[in-house]
Amino acid sequence: MEEFEPTIIAFFCNWCTYTAADLAGTSRLSYPPNIKIVRMMCTGMVDPKYIIKALLQGADGVLVSGCHPGDCHYINGNFKARRRIKLLKAVLDPFGLEKERVRLTWIGASDGHKLSETINEMVAQVKALGPIETKKTMVI
Ligand code: FES
């Protein structure tokens, strides 16, 4: 039997985590290819609907990452993201989706190593949870 390889959609802030992903690449740090990166100008632009849609349309997990608190280029976008994702996680469970499938992190532009570690951890965690294929039918 083939090992389950999760698909994880990653919404990365352009100014911090996306730059860290770029740095990880140029530093030749490795992370699994399970991550599909969507570049956002700020985590504050990540509407919870994007996360739900990703999960309903084939993603097994969603990673949102941006600037550290206090470093957001749009003043408080990351605080808005933190509140929204906290609320979203509270409603995932009734729909049969584990809250561990959604993760919010702060990774600065110079944190290529942290980015690599975070992606490796997230892929391992979602792998352990397994696919959500059967649960999607419950949600729809
Ligand atoms: S600009 Fe990076 S989280 Fe807002």
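Keep in mind that what you see is a predicted model, and the values were worked out from it rather than measured. Chains are numbered independently. Their residues run from 1 in the order of the written sequence. In keeping with the predicted nature of the model, local features appear solely for residues at pLDDT of at least 70, side-chain atom pairs appear and are counted solely at 80 or more, and the whole-chain, interface and lining totals rest on all residues. Computation of side-chain values covers all heavy atoms of the structure but excludes hydrogens and water.

Looking at this structure, I do not really get the overall build of the protein. What am I missing?
Looking only at helices and strands, the protein has five helices and four strands in total. Only runs of H or I of at least four residues qualify as helices and only runs of E of at least two qualify as strands under DSSP, and these elements are numbered from the N terminus. Start at the N end of the protein and walk to the C end: the helices and strands fall as β-α-β-α-β-α-β-α-α. Between the two quantities, the radius of gyration covers C-alpha atoms and the globule rule is 2.2 Å times the number of residues to the power 0.38. Relative to a compact globule of 140 residues, whose C-alpha radius of gyration would be 14 Å, the protein shows 15 Å and is just as compact. Residue burial is assigned from relative accessible area. The probe radius is 1.4 Å, only protein chains are included, and a residue is buried under 20% of its type maximum, exposed over 50%, and partly exposed in between. By residue count, 42% of the 140 residues in the protein fall in the buried class. Across the protein, the fraction of contacts at a sequence separation of at least 24, relative to all contacts at a separation of at least 6, is 79%. In this description, accessible areas are obtained by the Shrake-Rupley approach with a 1.4 Å probe, and a residue is regarded as covered only by the protein chains that are shown. A total accessible area of about 7,700 Å² is found for the protein, and carbon and sulfur atoms account for 56% of it. Working rule for contacts: check all heavy atoms of both residues, and any pair within 4.5 Å makes them a contact.

Got a minute to help me understand a positive patch on the surface in this structure?
What goes into a patch is any residue over 30% in relative accessible area without a salt bridge, connected to like charges within 9 Å or, for nonpolar side chains (Val, Leu, Ile, Met, Phe, Trp, Tyr), within 5 Å. Whenever a carboxyl oxygen of Asp or Glu lies within 4 Å of a side-chain nitrogen of Lys or Arg, that contact is scored as a salt bridge. A positive count includes Lys and Arg, and a negative count includes Asp and Glu. His and the chain ends are not counted in either. To locate a charge, take atom NZ for lysine, CZ for arginine, CG for aspartate or CD for glutamate. On the surface, Lys80, Arg82, Arg83, Arg84 and Lys86 cluster together into a positively charged patch. Inspection of the secondary structure puts Arg84 in helix H3 (residues 77-92).

I tried to follow the pattern of salt bridges on my own but got confused; where do I start?
Side-chain pairs of opposite charge can arise whenever the charged atoms involved come near each other. One pass over the structure, following the stated rule, counts four salt bridges. A salt bridge links Lys127 to Glu3, with the shortest nitrogen-to-oxygen separation between them at 3.3 Å. Placement of Lys127 in helix H4 (residues 112-129) and of Glu3 in the segment before strand S1 (8-13) is noted, with a sequence separation of 124 residues between them. Here Glu121 and Arg103 are joined by a salt bridge, their closest N and O atoms 3.2 Å apart. With a gap of 18 residues between them, Glu121 in helix H4 and Arg103 in strand S4 (residues 102-106) connect regions that are remote in the sequence. Exposure remark for Arg103: the relative accessible area of 18% places this residue in the buried category. Taken together, the salt bridges that share partners define one network made up of Glu3, Glu5 and Lys127.

Would you explain the environment of Cys67 in this entry?
Position of Cys67 among the secondary structure elements: in the loop between strand S3 (61-66) and H3. Residues Cys67 and Asn78, spaced 11 residues apart in sequence, show a C-alpha to C-alpha distance of 6.9 Å. If we skip the residues at most four places from it in the chain, Cys67 touches Cys13, Trp15, Cys16, Cys72, His73, Asn78 and Trp106.

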